[in-house]
Amino acid sequence: MPKDVIIACDFSSRNETMDFLDLFAGERKPFVKIGMELFYSEGPSIVREIRARGHRIFLDLKLHDIPNTVRKACRALSGLDIDMCNVHAAGTVEMMCAALEGLTRPDGTRALLIAVTQLTSTSEESMRSQLMIDAPMEEVIARYASNARAAGLDGVVCSPLEAGLVKKACGQDFLAVTPGIRFEGSSKDDQARITTPSRAREIGSDYIVVGRPVTAAPDPAAAYARCLEDFLNFD
Ligand code: C5P
């Protein structure tokens, strides 16, 4: 199973993003995540430009709509050369099946498709009091992951703390892509369910998604190198 560190490029403009990517001039081009902010600001051209610079891309648009709309949106995304994209598992198994259908090109190739279980900023308390979901967080994650597996998806986005339980529910080959990563002793920001890169590796994450600990670091390239070292044992 390939493991890697994905940097969340949560910037609002092309220039800011390119200035940031220029910091990674070494041979290893980081796998990057393009989120809603950048994609809605710059459109598909930003995906093509980052791809042309040699980066692998996770397009994190977290689609959630009726199945027909998601199928068509995924068909549009299938025209982009991306490696991974995602939908919300809360959209139901039918919606995830439609997403997979739309994403698959006529020649059978497609990007990896993963589902968001519960956002790592959501606590069990807010899930209960605001979303009226009374089941414990772990049961919700396991069920949403099983639904994604049933729909034929490749894995889920979840907290690193839940990677083990996802593997138990869905098998070792089912991907656990995990944001909510912080270095020991640093700020949690708005994340609720977090851990360190090395602990994420021990629990079973396949890909860690790291934003502010790298993008807001005084030396982003050094922070990225630290993530690689901790997560992949990579020097
Ligand atoms: O800055 P930070 O490391 O918290 O960034 C985490 C990234 O992962 C953000 O881009 C956020 O949108 C994304 N994400 C998340 N929780 C999820 C899915 C995606 O934090 N469940």
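This is a predicted model, so every value here is computed, not measured.

Thresholds, definitions, all that
The residue numbers shown here count from 1 along each chain, following its written sequence. Per-residue local features are limited, in this predicted model, to residues with pLDDT of at least 70; the limit for side-chain atom pairs, both in listing and counting, is 80 or more; totals at the level of whole chains, interfaces and linings are taken over all residues. Side-chain numbers here rest on the full set of heavy atoms in the structure, without hydrogens or water. For this description, a residue counts as near a given molecule or strand if any of its non-hydrogen atoms is within 4 Å of it. A 3.5 Å cut-off defines polar contacts: any pair of N or O atoms within that distance qualifies, except that in protein one atom must be a possible hydrogen donor and the other a possible acceptor, and neighbouring residues in sequence count only when both atoms are side-chain atoms. For every accessible area listed, the method is Shrake-Rupley and the probe measures 1.4 Å; residues are considered covered only by the protein chains on display. Helix numbers and strand numbers start at the N terminus; a helix is a DSSP run of H or I with at least 4 residues, a strand a run of E with at least 2. As a working rule, the residues Ala, Val, Leu, Ile, Met, Phe, Trp, Tyr, Cys and Pro are called nonpolar, Asp, Glu, Lys and Arg charged, and the rest polar, with Gly in that last group. Any two strands between which DSSP finds at least two bridges are classified as paired. To get an axis, fit a line to the C-alpha atoms, keeping to the stretch in contact for a helix; angles then go from 0 to 180 degrees between the N-to-C directions. Only heavy atoms enter the contact rule, under which two residues are in contact if any of them lie within 4.5 Å.

The full set close to the ligand counts 16 residues, and Asp-10, Lys-33, Thr-120, Arg-182 and Arg-212 are the nearest of them. Measuring from an oxygen atom of the ligand, one finds a side-chain N or O atom of Lys-33 at 2.7 Å. Within the side chain of Arg-182, one N or O atom sits 2.8 Å away from an oxygen atom of the ligand. Here the ligand, which alone exposes 470 Å², has 88% of that area covered by the protein. Going through the elements one at a time, strand S8 (207–210) and helix H10 (212–215) are the ones with two or more residues in the shell around the ligand. When grouped by side-chain class, the residues that make up the shell around the ligand number 7 nonpolar, 4 polar and 5 charged.

This brings us to the sheet that holds strand S4 (residues 84–88). Taken in spatial order, the 8 strands close into a barrel running S1-S2-S3-S4-S5-S6-S7-S8, and their pairing is parallel. Strand-to-strand twist in this sheet, taken as the mean axis angle between neighbours without regard to direction, amounts to 25 degrees. Judged from the 5 bridges that link them, S4 and strand S5 (residues 112–116) form a sheet pairing that is parallel. Each residue of the ladder has a partner; that of Met-84, found in S5, is Leu-112. Its contacts with the sheet put helix H11 (residues 220–232) on strand S1 (4–9) and S8, and the angle it makes with S1 is roughly 145 degrees.

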